[in-house]
Amino acid sequence: MTQNKPKLLIIEDDPGLQKQLRWSFDAYDVVVAGDRESALAQIRRHEPAVVTMDLGLPPDPDGSTEGLATLEQILALAPDTRVIVLTGNQERANAVKAIAMGAYDFHQKPCEPEVLNLVIQRAFFLHNLQMENRRMQSNQADSPMTGVISRDAGMLKVCRNIEKVAPTSASVMVLGESGTGKEVLARALHALSPRAKERFVAINCAAIPENLLESELFGYEKGAFTGAAKQTKGKVELANGGTFFLDEVGDLPMALQAKLLRFLQERVIERIGGHEEIPVDVRIVCATHQKLKELCSTGRFREDLYYRLSEIVVTIPPLRARQGDAALLAHHFKNKFCAQESRPTLHFAPDAIAAIEAYEWPGNVREMENCVKRAVIMADGPTIVADDLGLPDNGAQVEEPLNLRQVRDEAEHAAIVRALARVDGNIVKASEMLGVSRPTLYDLMSRHGIKSSA
């Protein structure tokens, strides 16, 4: 009978209260514990989603030290557990301290079973939502586009274009500001292509000195120059059969531009010091934050090479232009670094979300990642506040359209996307924030083409 009931752990040292609480919550598979050791044993054995606990546990039944220590160990052992603290009227300070340590909620004693039952139901519901969200993310883990997290219409269009282009043999140029994720898209393109089982080889043209770049690209023969002690293949040759990614191609020296153009036309290379033409079958993907057409007009980039490289051009919008993505990515990186740094789950305070949405993010997603990682490390308690982010207040002004229907639709779409981003995709919280019912929100999301998860 209890196999399909959710597990509820009650930590209470009074046998009479244990019996009363067990009787009050017959909708759950209730397990009980009377002290710290037995509570931790029940956590390990049953992994309950929700726990109610009295802070007054032996050997300190009149104080809170043992209860707070038990709470700390429960959250360290099972960070996702929703712990509801039961306190007396004179122990409000301890309840606040417990919330600061990561407890889900508190309820005053003597308990009102009906009210406490509602708190427990909501705790189970939110825990189930969190688990479902993780399952969805896990199911998407094998998708090549997993690295792209967005609800913005422009960014989703970029992803669709990558999926269209990937099965072809066309050379692709990825344009975008620094930190927008150009290499992420290049790797997704490779993973979706028929060459996915072969190598993806990347080289950053701006990071290698000009006198070494040619040998890095095309390799060299033994004795070709001082120090060339053995034959060495270049990155282009190593990528044979796969994808070769030229990052920051706008920094490629003019002399190498001519040699790269010959390779793209003939699909053969010659190592430095060699005389043998070596055929190479490789797909070229390049990226740059520079405006190559302007470089062509000033003679700093070969126009014929530009047209060879740009058979398909994909432009990634900057983060500041992606509606709702700043908050969405902030939640993603927060969850990632909480797990990586072994910190209990943190939450963004409203002022932190406001600062994230107002900031221009000149460093784009890379800057966002670094900022949130620093905040996760430096935050005191379970909440990240604006000061932890260290961002200036710098809101951007956008010119609004004048067509009334367009204004209404765009405002409605933006409000839904922002609400979903702020609450990390939680439909219940988003509908509450927007002041509509869940069915209404689902209808609006369907109308505007907004998916419930990234």
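Residues numbered from 1 in each chain as written. Predicted model: local features only at pLDDT ≥ 70, side-chain atom pairs only at ≥ 80, totals over all residues. Heavy atoms only, no water.

**Focus: the overall build of the protein**
When helices and strands are counted, the protein shows 19 helices and 16 strands. What you see for the protein is a C-alpha radius of gyration of 29 Å, clearly larger than the 22 Å of a compact globule of 454 residues, by over 25%. Long-range contacts, defined here as pairs at least 24 residues apart, represent 68% of the contacts in the protein between residues at least 6 apart. Roughly 23,600 Å² of accessible area belongs to the protein as shown, and the carbon and sulfur atoms make up 50% of that amount. (Helix = DSSP H or I, 4+ residues; strand = E, 2+ residues; numbered from the N terminus. Rg over C-alpha atoms; globule rule 2.2 N^0.38 Å. Contact = heavy atoms within 4.5 Å. Areas by Shrake-Rupley, 256 points an atom, 1.4 Å probe, with all protein chains shown as cover.)

**Description of the sheet that holds strand β14 (residues 312-315)**
Hydrogen bonds between backbone groups are what pair the strands of a sheet, and the pairing can be parallel or antiparallel. With parallel pairing, 5 strands are arranged side by side in an open sheet as β7-β10-β13-β6-β14. Here the strands that pair on one side only, and so sit at the sheet edges, are β7 (200-204) and β14. Each strand axis lies, on average, 20° off the axis of its neighbour in the sheet, ignoring direction. Of the pairings in the sheet, the one linking strand β6 (residues 172-175) to strand β13 (residues 283-288) comprises 4 bridges and is parallel in character. Looking across to β13, one finds that valine 174 is bridged to alanine 287. Packing of helix α6 (residues 153-165) onto the sheet brings it into contact with β6, β13 and β14, and relative to β14 it is tilted by some 155°. (Pairing = 2+ DSSP bridges. Axes fitted to C-alpha atoms, helices over the stretch in contact; angles between N-to-C directions.)

**Re helix α14 (residues 350-358)**
Every buried residue belonging to α14 is among Ala352, Ile353, Ala355 and Ile356, and all of these are buried. Along the long axis of α14, the arc covered by the buried residues comes to 160°, so they all point the same way. (Buried < 20%, exposed > 50% of the residue type's maximum accessible area, 1.4 Å probe, protein only. Arc of directions from axis to C-beta.)

**With respect to the UniProt feature "modified residue: 4-aspartylphosphate" (unreviewed entry) in the protein**
Residues given the UniProt feature "modified residue: 4-aspartylphosphate" (unreviewed entry) here are Asp54. Given a relative accessible area of 8%, aspartate 54 falls into the buried group. In this structure aspartate 54 touches Ile11, Glu12, Asp13, Leu86 and Lys109, once residues within four positions along its chain are discounted. (UniProt positions renumbered as here; feature names shortened; annotations may be inferred.)

**Some words on the packing of aromatic side chains**
A full pass over the atoms with the stated rule returns 6 aromatic pairs. When the ring of phenylalanine 333 is compared with that of phenylalanine 337, the centres are 6.3 Å apart and the planes differ by 25°; the resulting orientation is stacked. In this pair, phenylalanine 333 and phenylalanine 337 both sit in helix α13 (residues 325-340), 4 residues apart, roughly one turn of the helix. There is no split in this pair, since phenylalanine 333 and phenylalanine 337 are both buried. Measuring from centroid to centroid gives 4.8 Å for tyrosine 359 and tryptophan 361, while their planes differ by 80°, and the two rings are edge-to-face. Exposure remark for tyrosine 359: the relative accessible area of 13% places this residue in the buried category. A cation sits over an aromatic face here: arginine 267 above phenylalanine 263, 5.5 Å from the ring centre. (Phe/Tyr/Trp six-rings, centres within 6.5 Å; stacked < 30°, edge-to-face > 60°. Lys NZ or Arg CZ within 6 Å of the ring centre and 35° of its normal.)

**Concerning unusual backbone geometry**
Look at the link from proline 58 to proline 59: it is a cis peptide, with omega at 10°. By the secondary structure assignment, proline 59 is in the loop between β3 (50-54) and α3 (65-77). Of note in the backbone geometry, glutamate 47 takes a positive phi value of approximately 50° without being a glycine. Within the element layout of this structure, glutamate 47 appears in the loop between α2 (36-46) and β3. Assessed through its relative accessible area of 66%, glutamate 47 is described here as exposed. Phi is positive for aspartate 424, which is not a glycine, with a value near 60°. Tracing the backbone through its elements, the reader meets aspartate 424 in the loop between α17 (404-422) and α18 (427-434).

**What about the domain arrangement of the protein?**
Domain assignment breaks the protein into domain 1 (7-139), domain 2 (153-315), domain 3 (325-388) and domain 4 (404-448). If you average the C-alpha positions of domain 1 and of domain 2, the two centres end up 57 Å apart. (Domains from an automatic or database assignment.)

**Points about the side chain of histidine 107**
If you trace the backbone, histidine 107 turns up in strand β5 (residues 105-108). By relative accessible area, histidine 107 is classed as buried at 10%. Setting aside anything within four residues of it in sequence, one finds histidine 107 in contact with Val85, Leu86, Thr87, Glu112, Val115 and Leu116.

**Observations concerning the environment of isoleucine 384**
Mapped onto the elements of the fold, isoleucine 384 is located in strand β16 (residues 383-384). Judged by its relative accessible area of 0%, isoleucine 384 falls in the buried class. Once the C-alpha coordinates of isoleucine 384 and tryptophan 361 are considered, the two residues, 23 residues apart in sequence, prove to be 18 Å apart. Every residue in contact with isoleucine 384, bar those within four places of it in the chain, is listed here: Lys334, Leu346, His347, Phe348, Ala349, Ala352, Ala375, Val376, Ala379 and Leu389.

**Brief notes about the pattern of salt bridges**
Throughout the structure, instances matching the rule amount to 17 salt bridges. When the shortest N-O distance is used, the salt bridge between lysine 259 and glutamate 214 registers 2.8 Å. Taken together, the residues lysine 259 in helix α10 (residues 254-266) and glutamate 214 in helix α8 (residues 210-218) connect sequence positions 45 residues apart. Exposure remark for glutamate 214: the relative accessible area of 27% places this residue in the partly exposed category. Across the pair glutamate 277 and arginine 262 runs a salt bridge whose closest N-O atoms are separated by 2.6 Å. Of the two residues, glutamate 277 is situated in the loop between β11 (268-269) and β12 (278-279) and arginine 262 in helix α10; the sequence distance between them amounts to 15 residues. By relative accessible area, arginine 262 is classed as partly exposed at 34%. (Salt bridge = Lys/Arg side-chain N within 4 Å of Asp/Glu carboxyl O.)

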